[in-house]
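Inside the fold
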Amino acid sequence: MSRGFVTLLYKEVLRFWKVSFQTVGAPVLTALLYLMIFSHVLESHVQVHGVPYGAFLIPGLVIMSALQNAFANSSSSLIQSKVTGSLVFVLLPPISYVEFFLAYVVAAMLRGLMVGVGILAVTLWFAPLTFVAPLWILLFITLGGGIMGTLGMIAGIWADKFDQLAGFQNFLIMPLTMLSGVFYSIHSLPEFWQLVSRFNPVFYMIDGFRFGFFGVSDVAPEISLTVVMASFLAVSAATLVLLRSGYKLRS
Amino acid sequence: MSVAVAIDRVEKRFASLRALAGVSLQIAEGEFFGLLGPNGAGKTTLISCLAGLVRPDAGALSVMGHDVVTDYREARRRLGVVPQELVFDPFFSVRETLRIQSGYFGIRKNDDWIDEILANLDLTSKAEVNMRRLSGGMKRRVLVAQALVHKPPVIVLDEPTAGVDVELRQGLWQFVRRLNQDGHTVILTTHYLEEAEALCGRIAMLKQGHVVALDTTRNLLAGVAGQTLQLRLAGSQPLPPALGARATESDGNWIFHLAGLDEIEPLLAALREGNCVIDDLRLTQSDLEDVFLGVMQNSGSAHEDGR
């Protein structure tokens, strides 16, 4: 990988790290609030897959926040530099569209990971967590962050204004991540909504991620991994085609 | 002299607007080249094509022999562009901005050169200051610095002095002139014609996506009459018939274009003979502005095909 890619990745990481109070700290606090409220209400009444509710909830909150923040990272970086015009500094140098893609996606993954690790760190003592298959944990949070970082790129490139991006985030990403089994097992849903959930790739990210902790899941983790990998390949290919054509970036 | 920038029949259309209608130019290494034209003439589009920000519909461009599309990495390494808009990344200090820009061009540990540019642009004391805290003029100078981090042999300045105060403008030109003397090829677009006249060895004038004039600054200036004489007669008298045919009227003033100063004496003699009393008289040297206005008027509707 060229120095140009390394620098762009470094710059993207530095960009969110400089405001980490807002980009990492805030989502950690939000997740902590969710956990305190829901576990207070439900801890003594509910078990999922035989796991106490608080413990069940933590992995869901971790990956949901990681996914949302991965999306936020690439999309807000792109729209900001598009609106202010500073994207030109990245478009003038000899950086290929593949390097451009990788830098933004890897930075988004890293932000997702940092948020995830942060949430784990502050919630660990709330509930007894197990780490049955750590490799699966890492795999799902990384691939999930990659998918959301890539979607964030598409949204950031497509949107011309901040409110268009906010629409994308509030009406697509939020429901997609909230209604994917973070707070419940889809087996508790009516049959129709179970079926709908199975068409939502985010469900597989969360289900596979949770398998890594407890060794139990709604669907087999191999199926989840296949769906997540296929989704990643599909959105990546779409984004690369977009970047290659210069859509909205190089007229 | 080898060619620094070659632009070959470049065309670009934005929806119904024909921004570039087959522009061809060759700029030699070491030239100080001016790109002039009214707003919307295609100057920035042409520069954007050269920089890879806009993809031409037809034609080819190269920088130091490297095609900007097929060999873009090598072409972009040799090109430094100072964009027209005052853009900056608010997350970083001046030094961080310049280090990051160096990295984009594959350069590590560039601080010696960065310090030198900062000193030349009078920015040393601002090196660690966040971009947000700089004045407009300083941000403009950082943009120049950013375009130079990779020591490009070809430098493009797109209206760099728009909205910049006089003192800074002088300092900037001194610096750019020195870069040119050191062998850098400089391409400049500007609205300030006196700037182009003072700096550029050769000038292309663009209008509606066409090159309507291309020559050395000296030849362009020689193409217009040497002086312009402007006079007003007392009591709004008419001009003697012998002179009337040579003059154009504007706001009660009569304007004569003279090829040389020796034409003044016979002109005054004719006025005396006609008993005309001169109220006001002004003599000005023709400049690039006259050339510019002349070219823009004469090339009038010849190229309206693009609309």
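Bear in mind the structure is a predicted one, so any value in this text is a computation, not a measurement. (Residues numbered from 1 in each chain as written. Chains lettered and ligands numbered in written order. Predicted model: local features only at pLDDT ≥ 70, side-chain atom pairs only at ≥ 80, totals over all residues.)

Details of the overall build of chain A
Going by this rule: Runs of H or I in DSSP of at least four residues are treated as helices and runs of E of at least two as strands, each being numbered from the N terminus. Restricting the calculation to C-alpha atoms gives the radius of gyration, and the globule rule supplies 2.2 Å times the number of residues raised to the power 0.38.
Counting secondary structure elements, chain A contains ten helices and two strands. Counted from the first residue to the last, chain A has its helices and strands arranged as α-α-β-β-α-α-α-α-α-α-α-α. The C-alpha atoms of chain A give a radius of gyration of 18 Å, which matches the 18 Å a tight globule of 251 residues would have. Dimensions of chain A, computed from the C-alpha atoms along their principal axes, are close to 60 × 35 × 35 Å.

Let's talk about the overall build of chain B
Where we set the bar: Any residue surrounded by 20 or more other C-beta atoms within 10 Å of its C-beta is treated as buried, while 12 or fewer makes it exposed and the intermediate range makes it partly exposed; C-beta atoms here are placed from the backbone. Contact criterion: two residues are in contact if their C-beta atoms, reconstructed from the backbone, are within 7 Å.
Counting its secondary structure elements, chain B contains eleven helices and 14 strands. Counting the 307 residues in chain B, one finds 39% classified as buried. For chain B, the proportion of contacts with a sequence separation of at least 24, taken over those separated by at least 6, is 71%.

Observations regarding the nonpolar core
What counts is decided by this rule: As used throughout, a nonpolar core is a set of buried Ala, Val, Leu, Ile, Met, Phe, Trp, Tyr and Cys residues joined through C-beta atoms within 7 Å of each other.
Core analysis: the largest hydrophobic core is formed by 144 residues, its most contacted members being A:Leu61, A:Ile63, B:Leu50 and B:Val156. The element that contributes the greatest number of residues to this core is helix H3 (residues 53–84) of chain A, accounting for 16 residues. Discounting chain neighbours no more than four positions away, the residues touching A:Ile63 are A:Gly116, A:Phe140, A:Ile141, A:Gly144, A:Met205, A:Ile206 and A:Phe209.

Here we look at the domain arrangement of chain B
Counted only if it meets this: Residue ranges labeled as domains rest on an automatic or database domain assignment.
Taken domain by domain, chain B holds domain 1 (3–222) and domain 2 (227–285). On a C-alpha basis, the centres of domain 1 of chain B and domain 2 of chain B stand 44 Å from each other.

Overview of the sheet that holds strand E3 (residues 32–36) of chain B
Residues and elements named next belong to chain B. Our working definition: In this description, strands pair whenever DSSP reports at least two bridges between them. The axes are straight lines fitted to the C-alpha atoms, using for helices just the contacting stretch, and the angles between their N-to-C directions are given from 0 to 180°.
With respect to topology, six strands assemble into an open sheet ordered E6-E7-E8-E3-E9-E10, the strand pairing being mixed. A strand with exactly one partner marks an edge of an open sheet, and here the two such strands are strand E6 (79–82) and strand E10 (210–216). Averaged over all pairs of adjacent strands, the angle between their axes in this sheet comes to 15°, without regard to strand direction. Here four bridges tie E3 to strand E8 (residues 185–189), and the two strands are oriented parallel to one another. Considered in E8, the bridge of Gly34 is made with Leu188. Where helix H6 (residues 166–181) meets the sheet, it contacts E3, strand E7 (154–158) and E8, and its direction lies at approximately 145° from that of E8.

A look at the pairing of strand E13 (residues 253–258) of chain B
All names here are of chain B. When strand E11 (residues 227–233) meets E13, the two strands line up antiparallel, connected through five bridges. Along E13, the bridge assignment pairs Thr228 with His257. Relative to E13, strand E12 (residues 248–250) is paired through three bridges, and the arrangement is antiparallel. Bridge assignment links Thr248 to a residue of E13, and that residue is Ile255. Following E12, the chain reverses through two residues before pairing antiparallel with E13; Asp251 in that reversal takes a positive phi of roughly 60°.

Examining the sheet that holds E12(B)
Residue and element names in this part refer to chain B. Read from one edge to the other, the open sheet built from four strands follows the order E12-E13-E11-E14, with strand pairing classed as antiparallel. Whereas interior strands pair on both sides, the edge strands pair on one side only; in this sheet they are E12 and strand E14 (278–285). Here the strands of the sheet are splayed against their neighbours by 25° on average, with no regard to which way each runs. Relative to E14, E11 is paired through seven bridges, and the arrangement is antiparallel. Residue Arg232 lies in a different strand from E14, and its bridge partner there is Asp280.

Quick word on helix H10 (residues 221–245) of chain A
Since the α-helix turns once every 3.6 residues, residues separated by three or four places project in the same direction. Residues and elements named next belong to chain A. Heads up, the rule is: A helix's residues, less one, multiplied by 1.5 Å, set its expected span.
If you check H10, its first and last C-alpha atoms are 36 Å apart, about what 25 residues at 1.5 Å a residue would give, namely 36 Å. Burial in H10 covers these residues: Pro221, Ser224, Val227, Val228, Ser231, Phe232, Val235, Thr239 and Leu243. Buried-residue contacts for H10 involve helix H5 (97–123), helix H6 (134–158) and helix H9 (201–214).

Considerations on the interface of chain A and chain B
Each partner contributes residues to the interface: chain A has 22 residues there, and chain B has 24 residues. Looking at the side of chain A that touches chain B, the elements with two or more residues in it are helix H1 (3–17) and helix H4 (88–91) of chain A. Per-element tally for the side of chain A that touches chain B: the top contributor is H1(A), with six residues.

Observations concerning helix H10 (residues 264–273) of chain B
Along H10(B), only one of the ten residues are buried, which leaves the element largely exposed. At the exit of H10(B) stands B:Asn275, carrying a positive phi of roughly 60°.

So, the packing of H5(A) against H10(A)
Axis angle and axis distance: for two packed helices, these are the angle between their axes and the distance between the axes, and together they describe the pair. All names here are of chain A. Here is the rule we go by: Each angle gets one of four labels, with under 35 degrees taken as roughly parallel, over 145 as roughly antiparallel, 65 to 115 as roughly perpendicular, and the rest as oblique. By definition, turning the near helix anticlockwise from the far helix through less than a right angle yields a left-handed crossing, and turning it clockwise yields a right-handed one.
Axis separation between H5 and H10 bottoms out at 9 Å; the angle between their running directions is 130°. It follows that H5 is oblique to H10 by the angle criterion. The crossing of H5 and H10 is right-handed. Each of Tyr97, Val98, Phe100 and Phe101 in H5 lies in contact with H10, whose residues at this interface are Thr239, Leu240, Leu243 and Arg244.

Focus on the confidence of the model for chain B
All names here are of chain B. We apply this condition: One number per residue, pLDDT, summarises how confident the predictor is, and it ranges from 0 to 100.
For chain B, the mean per-residue pLDDT works out to 86, and 96% of the residues sit at or above 70. Across chain B, element-level confidence peaks in helix H3 (residues 94–104) with a mean pLDDT of 95 and bottoms out in helix H11 (residues 288–298) with 76. When the criterion is pLDDT under 50, residues 301–307 qualifies, and its contacts beyond four places in sequence or with other chains add up to eight contacts. In the model output, the complex is listed with pTM 0.87 alongside ipTM 0.89.

Description of the pairing of E8(B)
Residue and element names in this part refer to chain B. Where burial is concerned, most of E8 is hidden: five out of the five residues are buried. Burial along E8 is two-sided: Thr185, Ile187 and Thr189 and Val186 and Leu188, pointing in opposite directions, are all buried. By the bridge criterion, five bridges tie E7 to E8 in an arrangement that is parallel. Considered in E8, the bridge of Val154 is made with Thr185.

Notes on the environment of B:Ala259
Residue and element names in this part refer to chain B. Locating Ala259 in the fold gives a position in the loop between E13 and H10. Among the residues examined, Ala259 registers 10 C-beta atoms within 10 Å and is labelled exposed. When the C-alpha positions of Ala259 and Gly226 are compared, they lie 5.0 Å apart, and in sequence the two are 33 residues distant.

Details of the packing of H3(B) against helix H5 (residues 136–148) of chain B
Residue and element names in this part refer to chain B. Which entries qualify depends on this criterion: Three residue categories are used. Nonpolar comprises Ala, Val, Leu, Ile, Met, Phe, Trp, Tyr, Cys and Pro, charged comprises Asp, Glu, Lys and Arg, and polar comprises the others, including Gly.
Remark: H3 packs on H5, axes separated minimally by 9 Å, with the N-to-C direction vectors making an angle of 25°. Of the possible angle classes, the one that applies to H3 and H5 is roughly parallel. In the packing of H3 onto H5, the handedness of the crossing is right-handed. Across from Val94, Thr97, Leu98 and Gln101 in H3, the residues of H5 making contact are Val142, Ala145 and Gln146. Within the contact of H3 with H5, the residues separate by chemical class into four nonpolar, three polar and no charged.

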